[in-house]
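# An overview of the molecular structure
In case you want the letters, here they are:
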Amino acid sequence: MRNDMIALEKTHAREGLWQVTAPVPEIGPDDVLIRVHKTGICGTDIHIWNWDAWAEQTVPTPLITGHEFAGEIVEIGSNVDGLVLGQRCSGEGHLIGKTSRQSRAGKFHLDPATRGIGVNEQGAFAQYLRLPAFNVVPLPDEISDDIGAILDPLGNAVHTALSFDLIGEDVLITGAGPIGIMAAAVARHVGARHVVITDVNPDRLRLAGEVADVVPVNVAEQDLAEVIASLGMQQGFDVGLEMSGNQAALDQMVEAMTMGGRIAMLGIPPGQSPVDWSRIVFKAITIKGVYGREIFETWYKMIAMLQNGLDVSRVITHRFAVADFEAGFATMRSGSSGKVVLDWT
Ligand code: NAD
Ligand code: ZN
């Protein structure tokens, strides 16, 4: 019998997370129970830790947080076919409805009723996680639990990077956070010509250069126009991936794009973010907003790329036992780490 488990909970409506003992979730007929092995700390978890305005409006208390995980299936609901006990897995943390027009068209990632584990529903920072079987993504043997625990943000990177054809294109990525760095590795893997990644944080740019064969540019010190010229690019960038959520970065990206360029925006500006639309019109730029991962095409593509040589392992810079979660969060909150992984085993 499983009775109680350890979890990290947003218990109080203020800064911090608290280690608690909670009942192991009971599963319904369409769910599985997952024993969590590893979890990733996400920027979203930092917003929840900090209890900023977004978190206060969005997250109920008490709530077990966390949504990036890898583990194994230890219990299977009576209606579930095709999964077995002991199956190693990760999973999609967006819980979707099945009745909207979008879902019925198979565009599950566009379902307007999406709810997130660890944000709206009980999450993965726990020894056990209940998840609809629909959301489970089995892990092939060659994908470790560490990588399994960061497939959610890798999926953000893959979804954004594969929004536009990158083969032979010059790609600008603004923001060398973990997701921007992984997007750079993906752009390189699928055959972009030049991949330039910008940031204002030298630690992050150094990490970008270690993870992927890219051109890191510190825009606080270097002129992007000079970098473009030094690469021998005749015009601006063909494709932009905005991954900073920073207004100045988006402005700089629009400026650096070629006529007819395409921008995929994953970064979330903190508030309203004024845009010079006339520049976008006169440059005939296409902009696509990107939310989450395509369910499940992004998962298929990223696992396939990991199996054929995409290597993002060095983006994990720190590992902590869950007992040391406070140190893990402090590392992530410093803003200079890559991914931080917590060990629940
Ligand atoms: P992060 O905060 O770790 O990284 C953002 C980086 O942008 C930082 O390294 C920061 O120094 C850099 N930056 C700041 N100003 C800049 C500038 N002027 N030029 C270039 N870079 C600059 O974030 P992350 O976890 O890698 O996520 C990337 C973005 O994607 C965030 O905005 C996050 O909120 C967003 N996000 C969106 C989704 C979605 O579904 N749309 C999902 C996950 C994350
Ligand atoms: Zn995440």
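Residues numbered from 1 in each chain as written. Chains lettered and ligands numbered in written order. Predicted model: local features only at pLDDT ≥ 70, side-chain atom pairs only at ≥ 80, totals over all residues. Heavy atoms only, no water.

### Here we look at the coordination of the zinc ion (ligand 2)
Distances from the zinc ion (ligand 2) to its protein donors, Cys42 (SG), His67 (NE2), Glu68 (OE) and Asp152 (OD), fall within 2.1 to 2.8 Å. Each of the four donor atoms around the zinc ion (ligand 2) contributes to a set of angles spanning 90 to 158°, which defines the coordination as irregular. Motif for the zinc ion (ligand 2), donor spacing along one chain: C-x24-H-E-x83-D. On the criterion of sequence distance, the pair formed by His67 in the loop between strand 4 (63–64) and strand 5 (68–76) and Asp152 in helix 5 (residues 151–161) is long-range, its members being 85 residues apart. (Donors = N, O, S within 2.8 Å, 3.2 Å for Na, K, Ca; no water. Tetrahedral: all angles 85-135°; square planar, octahedral: opposite > 155°, others 65-115°. Helix = DSSP H or I, 4+ residues; strand = E, 2+ residues; numbered from the N terminus.)

### A look at the layout of surface pockets
Size it by volume and the second largest pocket reaches roughly 290 Å³. As for the second largest pocket, its lining consists of 19 residues, and the residues nearest its centre are Pro25, Glu121, Gln122, Gly123 and Arg130. Going through the elements one at a time, strand 1 (4–10), strand 2 (18–23) and strand 9 (128–132) are the ones with two or more residues in the lining of the second largest pocket. In terms of residue count, strand 9 provides more of the lining of the second largest pocket than any other element does, five residues in total. For the lining of the second largest pocket, the residue count by class is twelve nonpolar, two polar and five charged. (1 Å grid on protein atoms, 1.4 Å probe; cavity = no way out; pocket = protein on both sides within 12 Å on 5 of 7 lines; lining within 4 Å. Points joined across faces, edges and corners; volume = space filled by probe spheres on them. Nonpolar A, V, L, I, M, F, W, Y, C, P; charged D, E, K, R; others polar.)

### Points about empty space enclosed by the protein
Evaluation of the coordinates by the stated rule reveals one cavity of 30 Å³ or more. In this structure, the largest cavity occupies an estimated 30 Å³ of space. Forming the walls of the largest cavity are Glu242, Gly245, Asn246, Gln247, Leu250, Met265, Gly267, Pro269 and Ser273. For the lining of the largest cavity, the per-class residue count stands at three nonpolar, five polar and one charged.

### With respect to the environment of Glu121
Among the structural elements, Glu121 can be located in the loop between strand 8 (115–116) and strand 9. Judged by its relative accessible area of 29%, Glu121 is partly exposed. Each C-alpha atom of the pair Glu121 and Thr65 lies 8.2 Å from the other, and the pair is 56 residues apart in sequence. (Buried < 20%, exposed > 50% of the residue type's maximum accessible area, 1.4 Å probe, protein only.)

### As for the packing of aromatic side chains
Applying the stated criterion across every chain yields a total of four aromatic pairs. Taking 4.8 Å as the distance between ring centres and 20° as the angle between the ring planes, the aromatic pair formed by Trp49 and Phe329 counts as stacked. Residue Trp49 is located in helix 1 (residues 43–50), and its partner Phe329 is located in helix 12 (residues 325–333); the two are separated by 280 residues in the primary sequence. Of the two residues, Trp49 and Phe329, both sit in the buried class. Among the aromatic residues, ring-to-ring pairing joins Trp49, Phe125 and Phe329 into one connected group. (Phe/Tyr/Trp six-rings, centres within 6.5 Å; stacked < 30°, edge-to-face > 60°.)

### Some points on the sheet that holds strand 15 (residues 257–265)
Strands belonging to one sheet form pairs held by backbone hydrogen bonds; the direction of such a pair is parallel or antiparallel. In space, the six strands of this open sheet follow the order 13-12-11-14-15-16, with parallel pairing throughout. One side of each edge strand has no neighbouring strand; the edge strands of this open sheet are strand 13 (215–218) and strand 16 (286–289). Put simply, the sheet's adjacent strands are angled 20° from each other on average, direction ignored. For strand 15 and strand 16, the ladder comprises four bridges, and the chain directions are parallel. Directly across from Met265, in strand 16, lies its bridge partner Gly289. (Pairing = 2+ DSSP bridges. Axes fitted to C-alpha atoms, helices over the stretch in contact; angles between N-to-C directions.)

### Structural notes on the site of ligand 1
The local shell around ligand 1 holds 20 residues, among which Asp199, Arg204, Leu266, Val290 and Gly292 are the closest. Between ligand 1 and the protein, one listed contact pairs an oxygen atom with a backbone N or O atom of Ile179 at 3.1 Å. The backbone of Val290 places a nitrogen or oxygen atom 2.9 Å from a nitrogen atom of ligand 1. Protein coverage of the free-state accessible area of ligand 1, which is 860 Å², stands at 79%. Residue assignment for the shell around ligand 1 shows that the elements contributing at least two residues are helix 6 (178–189) and strand 12 (195–199). When grouped by side-chain class, the residues that make up the shell around ligand 1 number nine nonpolar, nine polar and two charged. (Near = heavy atom within 4 Å. Polar contact = N/O pair within 3.5 Å; in protein donor to acceptor, adjacent residues only side chain to side chain. Areas by Shrake-Rupley, 256 points an atom, 1.4 Å probe, with all protein chains shown as cover.)

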